[in-house]
Amino acid sequence: MTLENKICDYCSSEELILAYEPKTTERDLKVYICNECELIQSWPRLSGVYKRKVNVTGDAGWGRIRYGKRLNLDYSLKHIEDYIPVDKLNSILDIGANRLYFLKEIGRRYQNLKLYGIENDLITLAEEELNENITIFKSKYEEASIKNLTFDFIHSSHTAEHVVSPKHLFEKTYEWLSEGGYLYFEVPDTKIILDNDIIYEYFIDNHLFHFSEKSLLNYLNSANFKTLKVIRGFNYLAVIAMKTSEKDLKPLNVPESEPKVGLKEVQNYSVNRKENLENISRSSEIINSIMKNQKVVFWGGARIFDVFYRYGKVNWNSSLGLIDKHLVDYVEDVNGVKLHKPELLKEVEVDVIVIFSDEYFDEIVKEAKALIKKPVNFLKYNKIGMD
């Protein structure tokens, strides 16, 4: 599906301002900001037009390994159980069910639930062991044959940014929910581009919409949802809302402290990331220098590692190995560098662990310390050379 007319999905304005052109886009996508409602969106509005190429990338392309929803699952479930009476629900629909991480776990915790999922990536589904207690609609949500069904709770994690019209998605969600039913939507947060150290491409090819708290609440308010809670993670936004027939619903307003992400901020991100990529060479030299005298392990094989691989000159073969707790379940190596499970630390003597992660840095340090006995120096990728 492709939308030809360049108009804002939320407010239908034709005043879209070109803000940014990702240099490594493989789909000729450009990033625009609506002059009326400030929604950030990419064009052309393509959906499902891509070739499956399994790899890791920190540039604009898409690796299609599709395991990211697994990383935030525990956080998502905690938010859901804090604000939604899951034990009193009868049915759940997951839009963008992915590898069924959410449905399998929620079904394990609450065995009385009727579970449904929508997922159009048949290759990914074929790689997973399907649960006979989960009904899967194997199509895009727009084409799902959902007849005479409503759901008490609709979950959708990191899906709304992929569709050609979030407005339509929220409308269908409202239609499919029972009265008083709940939704939990989670999306990437545009405020991540305000990070001065960012090196990976935020505006990637398979994300057509880029949400701020304001734009996400605009969609909820226009679809007549009652927003119960807005949740901010390290790099994601989540909302919990309820379907209501209440008229003249008072919308939830964005706090004045909400960081603004507009044209200026997107342009600053472009300049800032370019400078950060240029500095990777110096960080690479320092890492190589450390490896001459100390035994080094790298931890984190996803997009930050890929950026260092592409833009730096690290002698990867001089290290003891590359660890990634989750990615190793899906691929054997990244850019030819073999992946290992964390248990590698039990087999080698290490002096330094270089961590290619932001959100999970503290968690990685904690896990590494539990696996090794002697003191180790932990270096975060964006702090190298700052001593």
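Note that the structure is predicted; figures quoted are calculated from it, not measured.

> Quick question: what am I supposed to make of the pairing of strand 6 (residues 91-95) here?
Regular strands have side chains that alternate between both faces of the sheet. With five of five residues buried, strand 6 lies mostly within the body of the structure. Neither face of strand 6 is open: one carries Ser91, Leu93 and Ile95, the other Ile92 and Asp94, and all of them are buried. Pairing between strand 6 and strand 7 (residues 114-118): five bridges, direction parallel. Among the inter-strand pairings, aspartate 94 is bridged to a residue of strand 7, identified as glycine 117. Tracing the backbone out of strand 6, into helix 3 (residues 101-109) and back to the parallel element strand 7 gives a crossover that is right-handed. Sheet analysis places strand 6 next to strand 9 (residues 151-157), joined by three bridges and oriented parallel. Its bridge partner lying in strand 9, isoleucine 92 is registered against phenylalanine 153.

> Is there a simple way to think about empty space enclosed by the protein in this case?
Once rolled over the atoms, a probe with the size of a water molecule shows which space is left empty. One pass over the full model with this rule turns up one cavity of 30 Å³ or more. In this structure, the largest cavity encloses a volume near 30 Å³. Lining the largest cavity are Tyr10, Cys37, Leu39, Ser215, Asn218 and Tyr219. In the lining of the largest cavity, the residues fall into four nonpolar, two polar and no charged.

> What exactly am I supposed to notice about the packing of aromatic side chains here?
Each aromatic ring pair is summarised here by two numbers: the centre-to-centre distance and the angle between the ring planes. Scanning the model with the defined rule gives 22 aromatic pairs in all. A ring pair is formed by tyrosine 309 and tryptophan 316, whose centres lie 6.3 Å apart and whose planes are at 20 degrees; its orientation type is stacked. Cluster of aromatic residues (ring-pair linked, three or more members): Phe298, Phe305, Phe308, Tyr309, Trp316, Phe356 and Tyr381. Directly above the ring of tyrosine 174 sits lysine 243, whose terminal nitrogen or CZ lies 4.7 Å from the centroid. Arginine 303 extends its terminal NZ or CZ atom over the ring of tyrosine 200, reaching a point 3.7 Å from the ring centre.

> Hey, could you run me through the state of the cysteines in this one?
Cysteine pairs can be covalently joined through their sulfur atoms, and such a bond is termed a disulfide. Within this structure, the stated rule accounts for zero disulfides. Free cysteine cysteine 8: the closest other cysteine sulfur is in cysteine 37, separated by 3.5 Å.

> What exactly am I supposed to notice about the sheet that holds strand 7 here?
The pairing of strands in a sheet comes from backbone hydrogen bonds and takes either a parallel or an antiparallel form. In spatial order, the strands read 8-7-6-9-10-13-12; together these seven strands make up an open sheet with mixed pairing. Strands with a single pairing partner mark the edges of an open sheet, and in this sheet they are strand 8 (134-137) and strand 12 (225-232). Between one strand and the next, the sheet's axes are offset by a mean angle of 15 degrees, whatever the strand orientation. The sheet contact formed by strand 9 and strand 10 (residues 177-188) spans six bridges and is parallel. In the sheet register, serine 156 faces strand 10, and the bridge partner there is phenylalanine 185. Each of strand 9, strand 10, strand 12 and strand 13 (236-243) is contacted by helix 2 (residues 73-83), which is oriented at about 150 degrees to strand 10, the strand it contacts most.

> Is there a simple way to explain the pairing of strand 18 (residues 352-355) in this structure?
Burial along strand 18 is two-sided: Val352 and Val354 and Ile353 and Ile355, pointing in opposite directions, are all buried. By the bridge criterion, four bridges tie strand 14 (residues 296-299) to strand 18 in an arrangement that is parallel. Pairing of tryptophan 299 across the sheet is with isoleucine 355, part of strand 18. Sheet topology note: the strand 18/strand 19 (residues 377-380) ladder contains four bridges and is parallel. Pairing of isoleucine 353 across the sheet is with phenylalanine 378, part of strand 19. In this view, the connection linking strand 18 to its parallel neighbour strand 19 by way of helix 10 (residues 361-371) has right-handed handedness.

Cut-offs applied
- Residues numbered from 1 in each chain as written.
- Predicted model: local features only at pLDDT ≥ 70, side-chain atom pairs only at ≥ 80, totals over all residues.
- Heavy atoms only, no water.
- Buried < 20%, exposed > 50% of the residue type's maximum accessible area, 1.4 Å probe, protein only.
- Helix = DSSP H or I, 4+ residues; strand = E, 2+ residues; numbered from the N terminus.
- Pairing = 2+ DSSP bridges.
- Right-handed = clockwise from strand over helix to strand, strands pointing away.
- 1 Å grid on protein atoms, 1.4 Å probe; cavity = no way out; pocket = protein on both sides within 12 Å on 5 of 7 lines; lining within 4 Å.
- Points joined across faces, edges and corners; volume = space filled by probe spheres on them.
- Nonpolar A, V, L, I, M, F, W, Y, C, P; charged D, E, K, R; others polar.
- Phe/Tyr/Trp six-rings, centres within 6.5 Å; stacked < 30°, edge-to-face > 60°.
- Lys NZ or Arg CZ within 6 Å of the ring centre and 35° of its normal.
- Disulfide = S-S within 2.5 Å.
- Axes fitted to C-alpha atoms, helices over the stretch in contact; angles between N-to-C directions.
- Contact = heavy atoms within 4.5 Å.

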